[in-house]
Amino acid sequence: MAEEVVLLDFWASVFGMRVRIALAEKGIKYESKEEDLRNKSDLLLKMNPVHKKVPVLIHNGKPVCESLIIVQYIDEVWNDSSPLLPSDPYQRAHARFWADFVDQKVYDASRRVWRTKGEEQEAAKKDFFESLKTLVRELGDKPYFGGETFGFVDIALITFYSWFYVYETYGKFSIEAECPEIIAWAKRCMQKESVANTLPDQKKVYDLLW
Amino acid sequence: MAKSEVKLLGAWPSPYVMRAQIALNLKAVEYEFLEETFGSKSQLLLQSNPVYKKIPVLIHADKPICESLVIVQYIDDVWTSGPSILPSDPYDRAIHRFWAAYVDEKFFPTMRGIAAAQGEEARKALVEQVGEGLALLEEAFDKCSKGKAFFGGDRIGFLDIAFGCFLGWLRATEKMNGVKLLDEAKTPGLVKWADRFCADGAVKGVMPETEKLMEFAKVLMAKMRGAPPK
C-alpha cells in the first residue's frame, strides 16, 4: 500500500521541528502543509479539533497529534531502521521521563523568558537555566542524551536551539556563558543532516517576532 | 521475583499513585507499598526522585522510575507475560496516549479547580468546562471501546487507567460542591464505564472511598488556610 504522510506544521514551531527530525531520521517521504496560525486551515481544525494546534501528522488519512506522541508513533510504525527510543525498558522509561521534563520545564520557562519583563522575567531566566543545568547533569559525559546515538530526548530538546537567539536577546544573557555544555551538545546535534536541514536559522526565528 | 524487588512509593489519596498500583495489579506483580507521610518527604523519595520529589516512584531492583504514565508504560514493557496495558496497534497507542495527556493537562486541573473556585460564577464556568471535557471523553470512549467494556476493549487498558484513577476525586468533588459532573443523560457510556472500572479486580482494592477522600480534602484545605503567608 502506498503510504500517505502529511504534516501540518508551522516553520518556527519547536514541536513541529521534532516531527520533521524524526521523519528525516527514518527517511520518510511526506507532504508538508504550512499553516498560518492566525488563520488556521479547515484541515487543521478537522484533524485536531481538541487543541487546534500544530504539528499534526496525517498518516493514510488518520491524524496523530502532540509532538512527542507523534515521534513515538513514527518510531513504532517505521520500526525497521534508526530506532529513536531505546529497546531496553528501563532506558525507554528514562528517555520518556527526560523528554517529558523538557516539555514540563524547559518549554514553560523559555516562553516566559521572552514574553515577560521585570521580576517575572528574572524568575523565568532562573527557571530556564535551572532546567538546562539539570539536563546537563543528566547528559554527563555522553555525546547524546540517547547515549552513543541521537535519540528521543535529543529530538525533544534540540529544536529549542533554533530559539536560543530569541531567548538571549530578550533575556539579555548568553546561554554559552551560563551553560556551555548545552551549546556543545547542540552543535554536535547540528552536525546531523536531519537536524541541520530542519532547524531554521536563529535570526530568522527572531525576525518572526519582531 | 521477590516482593522486595518491586517497591512503590506513594500515598493512598493520590490518583497518580493509583495508576501504578492498577498496572502492577493487572500484571499480578507483588510489590511493597511504602506510604509517604502527608506533609513530609522521606529520604528514599528525595533520593529516588531528586528532579520532582514527587510520588509515585516505582523502584524496581533498586532502579527508580518516575512520572505515573512513564511508570505504567514501564510496567507494561517489563512484565510481558501479563495482559497488555497499551494497545498493540501503533495508531491506537497514539490515541490512548493523546487522551491520557489531555486528562493530565486539561481535564484534571479544571476539575481540581472547582473546589478552589472563587464564587458561584467561577464554579459554574469550571463545571461547564469539565462537562465539555467529559463530552469529548465520551466520544473517545465510543471510538476506543468499539462497543466493548473499556477504552482498552475487553480489559482495562492504558487510557482506562489514566482517566479512571480520577473517579474517586470526581465523586468527592461532586459531593463536596453539590455539582453533578458525570451525568447519565449526557455521558451514558462513561457512567457505565466508571462503574465497571471501579468494580474491576485490579482497581477495587486501591480506589479510595469517596467519604475518605472528602475527609482528606477537608484536612488539606484546613492546612492550606492555616498555613502562614509566604
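Just so you know, these numbers come straight off a predicted model, no measurement behind them.

**Student:** How should I be thinking about the pairing of strand β1 (residues 6-10) of chain B in this particular structure?
**Tutor:** All names here are of chain B. Within β1, four of the five residues are buried, leaving the element largely enclosed by the surrounding structure. As paired elements, β1 and strand β3 (residues 57-60) share four bridges and run antiparallel to each other. Within β3, the residue paired with valine 6 across the bridge is histidine 60. In terms of strand pairing, β1 meets strand β2 (residues 32-35) through four bridges, oriented parallel.

**Student:** Which parts of the structure should I look at to understand helix α4 (residues 90-116) of chain B?
**Tutor:** One turn of the α-helix equals 3.6 residues, which is why residues spaced by three or four share an orientation. Counted at 1.5 Å a residue, the expected span for α4(B) with its 27 residues is 39 Å, and the 39 Å between its end C-alpha atoms agrees. Remark: the principal bend of α4(B), roughly 40°, maps to B:Val103.

**Student:** Is there a simple way to explain the confidence of the model for chain B in this structure?
**Tutor:** Do not read the predicted coordinates in detail wherever pLDDT is low. Per-chain confidence: chain B averages 94 in pLDDT, with 97% of residues scoring 70 or above. Confidence estimates for the predicted assembly give a pTM of 0.96 and an ipTM of 0.96.

**Student:** Would you explain the layout of surface pockets in this entry?
**Tutor:** Space left empty within the atom packing is revealed by a probe, the size of a water molecule, rolled over the atoms. Its boundaries defined by the atoms lining it, the second largest pocket holds a volume of some 910 Å³. At the level of secondary structure, the elements contributing two or more residues to the lining of the second largest pocket comprise α2 (42-47) and β4 (62-65) of chain A together with α3 (68-78), α4 and α5 (120-145) of chain B. The element that contributes the greatest number of residues to the lining of the second largest pocket is α4(B), accounting for nine residues.

**Student:** Can you walk me through the sheet that holds β4(A) in this structure?
**Tutor:** Sheets are built from strands that pair by backbone hydrogen bonding, the pairs being arranged parallel or antiparallel. Residues and elements named next belong to chain A. Spatially, four strands are ordered β2-β1-β3-β4 in an open sheet, and the strand pairing comes out mixed. Every other strand in the sheet has two partners, leaving β2 (31-34) and β4 as the edge strands with one partner each. Strand-to-strand twist across the sheet, computed as the mean angle between neighbouring axes with direction ignored, equals 20°. Note: strand β1 (residues 5-9) against β2, four bridges, orientation parallel. Bridged to leucine 8 within β2 is lysine 33. Contacting β1, β2 and β3 (56-59), helix α1 (residues 14-26) runs over the sheet at an angle of about 155° to β1.

**Student:** Sorry if this is basic, but what is going on with the environment of A:Tyr170 here?
**Tutor:** Residue and element names in this part refer to chain A. Tracing the sequence through the fold places tyrosine 170 in helix α7 (residues 164-171). Taking the C-alpha atoms as reference points, tyrosine 170 and aspartate 201, separated by 31 residues in sequence, lie 17 Å from one another. The residues touching tyrosine 170, leaving out its near neighbours within four places in the chain, are Val113, Trp114, Gln121, Tyr206 and Leu209.

**Student:** Even after reading the chapter, I still don't get the pattern of salt bridges, so can you show me in this structure?
**Tutor:** Any two side chains of opposite charge can pair, on the condition that their charged atoms come close. All names here are of chain A. With the rule as written, the count across this model stands at 23 salt bridges over all chains. For arginine 112, the salt bridge is made with aspartate 108, and the minimal N-O distance between the two is 3.0 Å. One end of the pair is arginine 112 and the other is aspartate 108, both in helix α4 (residues 89-115) and four residues apart, which spans about a single turn. Classification of arginine 112 by relative accessible area gives partly exposed; the value is 24%. Given a relative accessible area of 38%, aspartate 108 falls into the partly exposed group.

So, how was this worked out
Residues numbered from 1 in each chain as written. Chains lettered and ligands numbered in written order. Predicted model: local features only at pLDDT ≥ 70, side-chain atom pairs only at ≥ 80, totals over all residues. Heavy atoms only, no water. Buried < 20%, exposed > 50% of the residue type's maximum accessible area, 1.4 Å probe, protein only. Helix = DSSP H or I, 4+ residues; strand = E, 2+ residues; numbered from the N terminus. Pairing = 2+ DSSP bridges. Expected span 1.5 Å × (residues − 1). Bend = angle between axes of the 7 residues up to and from the residue. pLDDT = per-residue confidence, 0-100. 1 Å grid on protein atoms, 1.4 Å probe; cavity = no way out; pocket = protein on both sides within 12 Å on 5 of 7 lines; lining within 4 Å. Points joined across faces, edges and corners; volume = space filled by probe spheres on them. Axes fitted to C-alpha atoms, helices over the stretch in contact; angles between N-to-C directions. Contact = heavy atoms within 4.5 Å. Salt bridge = Lys/Arg side-chain N within 4 Å of Asp/Glu carboxyl O.

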